[in-house]
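Structure assessment
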Amino acid sequence: MLSLRSRRVIIPTVLLFSILVLVLIALRTSTVQDSISRLKTHYIESSKDDEKHAHPKYKPAPSYTPPPISDPFPALATSTPPPIPSYNVPEKDGWKKYSVPIAPPLVIGFTRSWPMLLQAVVSYITAGWPPEQIYVVENTGMQQANARGQLSLQHPWFLNHTALGKLGVQVIQTPVLLTFAQLQNFFLSLSYTREWPYYFWSHMDVLALGHENGFENLTARAGEPGYKSLYTLCLEELNHTITTDDRWGLRFFAYDHLTLQNPLALEDIGGWDTLIPYYGMTDCDTYTRLSMKKWSQKDANCGVVTDTSVALDDLLALYRDPKVTPKFTDPNPPPPKKEDEIKERDGRLAAREDMDDPVEYWKVLLHVADSMFHYKHGDRGRNTWQSGQHGGQGEPFYYDSAGFSEALDVLTEAGKEVYRRKWGHGDCNLIDGAGLKFGDQWRVLKDWE
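In this report, the structure presented in the accompanying data block is examined. (Residues numbered from 1 in each chain as written. Predicted model: local features only at pLDDT ≥ 70, side-chain atom pairs only at ≥ 80, totals over all residues. Heavy atoms only, no water.)

1. A short note on helix H8 (residues 282–292)
Most of H8 is tucked away: ten of the eleven residues are buried. For H8, the full list of buried residues reads Thr282, Asp283, Cys284, Asp285, Thr286, Tyr287, Thr288, Arg289, Leu290 and Met292. At the exit of H8 stands Lys294, carrying a positive phi of roughly 65 degrees. (Buried < 20%, exposed > 50% of the residue type's maximum accessible area, 1.4 Å probe, protein only. Helix = DSSP H or I, 4+ residues; strand = E, 2+ residues; numbered from the N terminus.)

2. Side note on unusual backbone geometry
The backbone phi angle of Lys294 is positive, close to 65 degrees, even though this residue is not glycine. Here Lys294 shows up in the loop between H8 and strand E8 (296–299).

3. Quick notes on helix H9 (residues 358–376)
For H9, which comprises 19 residues, the first-to-last C-alpha distance of 26 Å matches the rise-based estimate of 27 Å (1.5 Å per residue) to within 8%. Considered for burial, the residues of H9 that qualify are Val359, Glu360, Tyr361, Trp362, Val364, Leu365, Val368, Ala369, Met372, Tyr375 and Lys376. As for H9, its buried residues are in contact with helix H3 (114–126), strand E5 (206–209), strand E9 (304–307), strand E10 (311–312) and strand E11 (328–329). Its side-chain oxygen placed 2.9 Å from the backbone nitrogen of Val359, Asp357 serves as the N-cap of H9. (Expected span 1.5 Å × (residues − 1). Contact = heavy atoms within 4.5 Å. Polar contact = N/O pair within 3.5 Å; in protein donor to acceptor, adjacent residues only side chain to side chain.)

4. Some details on the pattern of salt bridges
Taken as a whole, this structure holds 23 salt bridges when the rule is applied. Bridged by salt links that share partners, the residues Asp273, Asp285, Arg289 and Lys422 form one connected network. (Salt bridge = Lys/Arg side-chain N within 4 Å of Asp/Glu carboxyl O.)

5. As for the environment of Asp299
Tracing the chain through its elements places Asp299 in strand E8. Taking C-alpha positions, Asp299 is 8.6 Å from Leu250, a pair spaced 49 residues apart along the chain.

6. Description of the environment of Asp256
Note on placement: Asp256 falls in the loop between strand E6 (248–253) and strand E7 (258–261). Exposure remark for Asp256: the relative accessible area of 0% places this residue in the buried category. Through-space distance from the C-alpha of Asp256 to that of Asp283 is 9.2 Å; in sequence the pair is 27 residues apart. Apart from residues lying up to four places away in sequence, Asp256 is in contact with Trp201, His203, Tyr279 and Tyr287. A polar contact of 3.1 Å, which involves the side chain of Asp256, links it to the side chain of His203.

7. Looking at the sheet that holds strand E2 (residues 134–138)
Overall, mixed pairing links the seven strands, which are arranged E3-E2-E1-E4-E7-E6-E8 in an open sheet. The open sheet terminates on both sides in strands that have one partner only, identified here as strand E3 (170–173) and E8. Pairs of neighbouring strands in the sheet enclose a mean axial angle of 25 degrees, with direction left out of account. Of the strand pairs in this sheet, strand E4 (residues 199–202) and E7 are connected by four bridges, and their pairing is antiparallel. Paired with Tyr199 across the strands is Gln261, a residue of E7. Most of the contacts of helix H5 (residues 180–193) go to E4, to which it runs at about 155 degrees, and overall it touches strand E1 (106–110), E2, E3 and E4. (Pairing = 2+ DSSP bridges. Axes fitted to C-alpha atoms, helices over the stretch in contact; angles between N-to-C directions.)

8. A short note on the packing of aromatic side chains
The description of two aromatic rings rests on the distance between their centres and on the angle between their planes. Tallied over the full model, the rule gives 19 aromatic pairs. A ring pair is formed by Phe252 and Tyr255, whose centres lie 5.4 Å apart and whose planes are at 35 degrees; its orientation type is tilted. In this structure Tyr255 comes out as partly exposed when scored by relative accessible area, which is 35%. One aromatic cluster is present, built from ring pairs that chain together Phe180, Trp201, Phe252, Tyr255, Trp272, Tyr279 and Tyr287. Here the guanidinium or amino end of Lys293 rests over the ring plane of Phe438, the centre of that ring lying 4.5 Å away. (Phe/Tyr/Trp six-rings, centres within 6.5 Å; stacked < 30°, edge-to-face > 60°. Lys NZ or Arg CZ within 6 Å of the ring centre and 35° of its normal.)

9. Notes on empty space enclosed by the protein
Over the atoms rolls a probe the size of a water molecule, and in doing so it shows where empty space is left. Enumeration over the complete set of coordinates arrives at one cavity of 30 Å³ or more. Residue classes in the lining of the largest cavity are distributed as three nonpolar, five polar and one charged. (1 Å grid on protein atoms, 1.4 Å probe; cavity = no way out; pocket = protein on both sides within 12 Å on 5 of 7 lines; lining within 4 Å. Points joined across faces, edges and corners; volume = space filled by probe spheres on them. Nonpolar A, V, L, I, M, F, W, Y, C, P; charged D, E, K, R; others polar.)

10. Description of the pairing of E4
Of the two faces of E4, both are covered, the one formed by Tyr199 and Trp201 as well as the one formed by Phe200 and Ser202. Pairing of E1 with E4 involves three bridges; the strand directions are parallel. Bridged to Leu106 within E4 is Phe200.

11. Some remarks on the packing of H8 against helix H10 (residues 401–423)
Packing of H8 against H10 leaves a shortest axis separation of 11 Å and a crossing angle of 25 degrees. With respect to their mutual orientation, H8 and H10 come out roughly parallel. Facing Cys284, Asp285, Arg289 and Met292 of H8, the residues of H10 in contact are Tyr419, Lys422 and Trp423. (Parallel < 35°, antiparallel > 145°, perpendicular 65-115°, else oblique.)

12. Observations concerning the nonpolar core
Among the nonpolar cores identified, the biggest contains 98 residues, and Phe73, Leu117, Tyr124, Trp129, Leu167, Phe200 and Leu258 are the most heavily contacted of them. It is H3 that provides the largest number of residues to this core, a total of nine residues. Membership of the second largest hydrophobic core comes to eight residues, among which are Ile276, Tyr419, Trp423 and Leu436. (Core = buried A, V, L, I, M, F, W, Y, C linked by side-chain atoms within 4.5 Å.)

13. Structural notes on the state of the cysteines
Within this structure, the stated rule accounts for one disulfide. Disulfide partner of Cys284: Cys428, at an S-S distance of 2.2 Å. In this pair, Cys284 is assigned in helix H8 and Cys428 in the segment after H10, connecting sequence segments 144 residues apart. Judged by its relative accessible area of 6%, Cys284 is buried. The partly exposed category is assigned to Cys428, whose relative accessible area is 38%. With no disulfide of its own, Cys234 lies 3.6 Å from the sulfur of Cys302, the closest cysteine sulfur. Note on Cys302: relative accessible area 1%, which makes it buried. (Disulfide = S-S within 2.5 Å.)

So this is what it looks like as structure tokens:
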């Protein structure tokens, strides 16, 4: 009997001891230790003071937000465009008179600021460029959102396909967001796929006007015999260039605000350097390489192509509507000053009794365009217009506008450093200032300390 009781005590004791041994072994394995560690982290340490946890430090909220932008062409939403000045109406197939193989395409790239693009397009149309020969390249990175009408006017990358269709221009979409240099190479690729032996391209932050008051040795006054529109003068320059210069590369109209491009010249130098992504140095690099390979680059005159940072409040002014007084408003104005410091800078002129005369109206537009130029190149900052839209949160492919601008600044500075290392020189004077040749790329030591 005593032996039986002993066995009853010994067996449970042995089983308990065995279980304890197994538990101790398990505790030494990493899996169980990790589980206990996670348990401790999530349920025990989380109850400690928040001060022991990392917290992001947010930027302060802006003290001032510019007002929403306005549609500069509201009439286009409910009606077709009005007629352009009669003396600028292009003759059907008029380009054929100039012995050129194709109608000259005008390519305008767009990334952000719809009012600025719309102003550029309308100004070229009203200056005589046939709308069917204008190609807007949507380079927004918004995929199909604009084509589907999914973005609002305040979205920085908003583009109205319907409005451009009403104007008669064509829209081409890039597959992804491209840098400036990549976009230029995309233009080159279009010349292959569409068999363009040449093309014009324009910045989108311009206002184009013809010489409607006449220009000595170039054109008579609008409405008089011998008048030539902006488009006609471009055709004349195109004909003169391709018939007199076998090695033409570019023709500049107000630097490259409007440019006639020879695709063969770009191909010869290997296109734009996409490792120098943005304007300010990538243009310097490309145009200098063209000079190194002996492709000509000359200035030409077809009109007044003004570099702007603002859009007219009502683009009916470009159609010479006498009911509209040409004026502009900064789409991204600075914080307002004290009342006694505020100065009106909308470029208005006093109303004239002869605003029904389209040429007199043109004079007002020319004055306003000049005011636009000086406003952009004053103390405001020449690229502030790019950040004029501050909405779009929650819409497809939204990206913080201020963050985008900051990222562009970083990439631009990186491109400047690539340029310096590529040429061993810091400024644009690569040939006369540094004695460099085309083959010297990435082969020379820096020439500064």
